[in-house]
Amino acid sequence: MAKTKSAYFCQSCGYESPKWLGKCPSCNQWNTFVEEVIDKGALNVPTWKSASGTQRLNKPSKVEQIEATTEERTLTSDAELDRVLGGGLVAGSVILIGGEPGIGKSTLMLQLALNMPNKRILYISGEESEQQIKMRAERITNSPKADCYILTETATQNIFKQIEQLEPEIVIVDSIQTLHSAHIESTPGSVSQVRECTAELLRFAKETATPVFLIGHITKDGAIAGPKILEHMVDTVLQFEGDRHHIYRILRSIKNRFGATAELGIYAMQGNGLREVSNPSEILLSQRDEELSGITIGATLEGARPMLIETQALVSISAYGTPQRSATGFDIRRMNMLLAVLEKKCGFRLGVKDVFLNIAGGIKVEDPAIDLAIMAAIISSHEDISISSKICFAAEVGLSGEIRAVNRIEQRIAEAEKLGFEKIVVSNYNLKGVDRDKFKIQLITVSKIEEVFALLFG
Ligand code: TYD
Ligand code: MG
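Residues numbered from 1 in each chain as written. Chains lettered and ligands numbered in written order. Predicted model: local features only at pLDDT ≥ 70, side-chain atom pairs only at ≥ 80, totals over all residues. Heavy atoms only, no water.

**Student:** What is the right way to read the UniProt feature "domain: RecA family profile" (unreviewed entry) in the chain from this model?
**Tutor:** The feature "domain: RecA family profile" (unreviewed entry), as annotated in UniProt, sits at residues 70-218 in this numbering. Helix makes up 39% of residues 70-218 and strand 21%, whereas the separation of the span's terminal C-alpha atoms amounts to 33 Å. (UniProt positions renumbered as here; feature names shortened; annotations may be inferred. Helix = DSSP H or I, 4+ residues; strand = E, 2+ residues; numbered from the N terminus.)

So, in structure tokens, the structure goes:
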């Protein structure tokens, strides 16, 4: 009998070691090593077509001699997903979709599977029974347009047998952590299993030019569970996120070999599945009749898409010795920096105040162009004077209180105008080469934070 071979794997990053270690030398996490049996070759079960044993010997080719083919893209039934993918589904690409439990990954994928017209789609589920999937399918649509097959199976060898018979045009796996390959003896979900199953599916996708979607679980700290290596192996990594208590969900691209990252898709989770939200600004701005202090609108850009987002601030006298600072949807360190600028340049005594900041709609904003809107919201709450809801902001603020230019200003201005804003505050340095007469919206330019204060409150 062949000796079983085992190794220790870091469950956080996939680092392999022959011995158990307390601390992973690669990702510095403690207590993450688990013994896994790697028994390659002992079992003679074929993976995807490897049985035929045709090994191609690749030769180096000159760049000029390689034929340039534009990748073939299929549009899905989901415009948001197409945008996040960079303009449709690329043949043979492997796409990993990560997200917290219950966020709607299975719903998103099943909805795609049911709505792709005239395609044969195989939805492999290792988590739910056929009945459960049928129930969900009925919730989503009562007239499926696609040829959608459901397979409840977790052994990759059996899956490939079915695939060979069915010849699906798109394969969806829910989830990669439930699959297991007979080549490896460790439990499903362990690093070596996840890696092996992904590798087998990857080989299948590349050889047959079939796109494969993999649903992946997420750990507590938000990383895709199991190995980071999974992210290196696949072509595209999408993250499905949002607050489970809100209806909005965001699909974000983290890595994309076939398009830009930073693209964003927005959905609303409804009783009958996910609905695409094509004009996000409208949902992100709350409808309010009276003007309240502490609320401003920032014109931000997510990917190539302009979005007007409401920022809310609450500044109040600190009841305890140490003032509280909290920010939802925004980097708290950056907020502290903006507070320091306000303190130094405008003389606000914010050091003794509690400051709470919230970006509406459960969105996380990284675009620095929201700085000015945040500062204006803080000033507004501090002074308890409201700012007109017809005015919005698009500028970055520097450490010395200078108002800095942001990219694609014309796009932001156009979006603000489209949504009926009357004024937009931008940096003085931002309007070089911008045709100001093109816009009906009033452009207010500022160069220092002090000017903004004077402008808003006279
Ligand atoms: P699910 O797709 O099962 O999440 P995941 O696969 O990421 O774990 O979605 C689960 C949630 O979505 C569940 O709480 C119910 C809700 N939901 C709706 O609100 N409307 C629907 O039409 C469907 C199918 C689910
Ligand atoms: Mg699920």
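Having put the structure on the table, let's press on.
**Student:** Explain the packing of aromatic side chains here, please?
**Tutor:** Where two aromatic rings form a pair, the distance of their centres and the angle of their planes describe that pair. Going through the model one piece at a time under the given rule, you end up with four aromatic pairs. On the numbers, 5.9 Å between centres and 80 degrees between planes, the contact of F240 with Y267 is edge-to-face. Of this pair, F240 sits in strand β11 (residues 236-241) while Y267 sits in strand β13 (residues 264-270), placing them 27 residues apart in sequence. Neither F240 nor Y267 differs from the other in exposure class; each is buried. With centroids separated by 5.2 Å and ring planes inclined at 90 degrees, the aromatic side chains of F348 and F453 adopt a geometry described as edge-to-face. Separated by 105 residues along the polypeptide, F348 in the loop between α8 (332-346) and β18 (353-359) and F453 in helix α11 (residues 449-457) bring together distant segments of the chain. (Phe/Tyr/Trp six-rings, centres within 6.5 Å; stacked < 30°, edge-to-face > 60°. Buried < 20%, exposed > 50% of the residue type's maximum accessible area, 1.4 Å probe, protein only.)

**Student:** Before we go on, may I ask you to explain the domain arrangement of the chain in this structure?
**Tutor:** Buried accessible area, meaning the area lost when the parts come together, often serves as the stated size of an interface. Domain annotation for the chain reports domain 1 (4-42), domain 2 (74-278) and domain 3 (283-457). Spacing between the C-alpha centres of domain 1 and domain 3 amounts to 48 Å. (Domains from an automatic or database assignment.)

**Student:** Explain the site of ligand 1 to me, please; I cannot follow it from the model alone.
**Tutor:** Close contacts around ligand 1 come from 15 residues, with G102, S106, T107, Q270 and G273 the closest. Interatomic distance of 3.4 Å between a backbone N/O atom of I103 and an oxygen atom of ligand 1. Here an oxygen atom of ligand 1 sits 2.8 Å away from a polar atom, N or O, in the main chain of K105. Protein contacts shield 75% of the accessible area of ligand 1, which totals 560 Å² for the unbound molecule. Elements with a minimum of two residues in the shell around ligand 1: α2 (105-115), α3 (130-140) and β13. (Near = heavy atom within 4 Å. Polar contact = N/O pair within 3.5 Å; in protein donor to acceptor, adjacent residues only side chain to side chain. Areas by Shrake-Rupley, 256 points an atom, 1.4 Å probe, with all protein chains shown as cover.)

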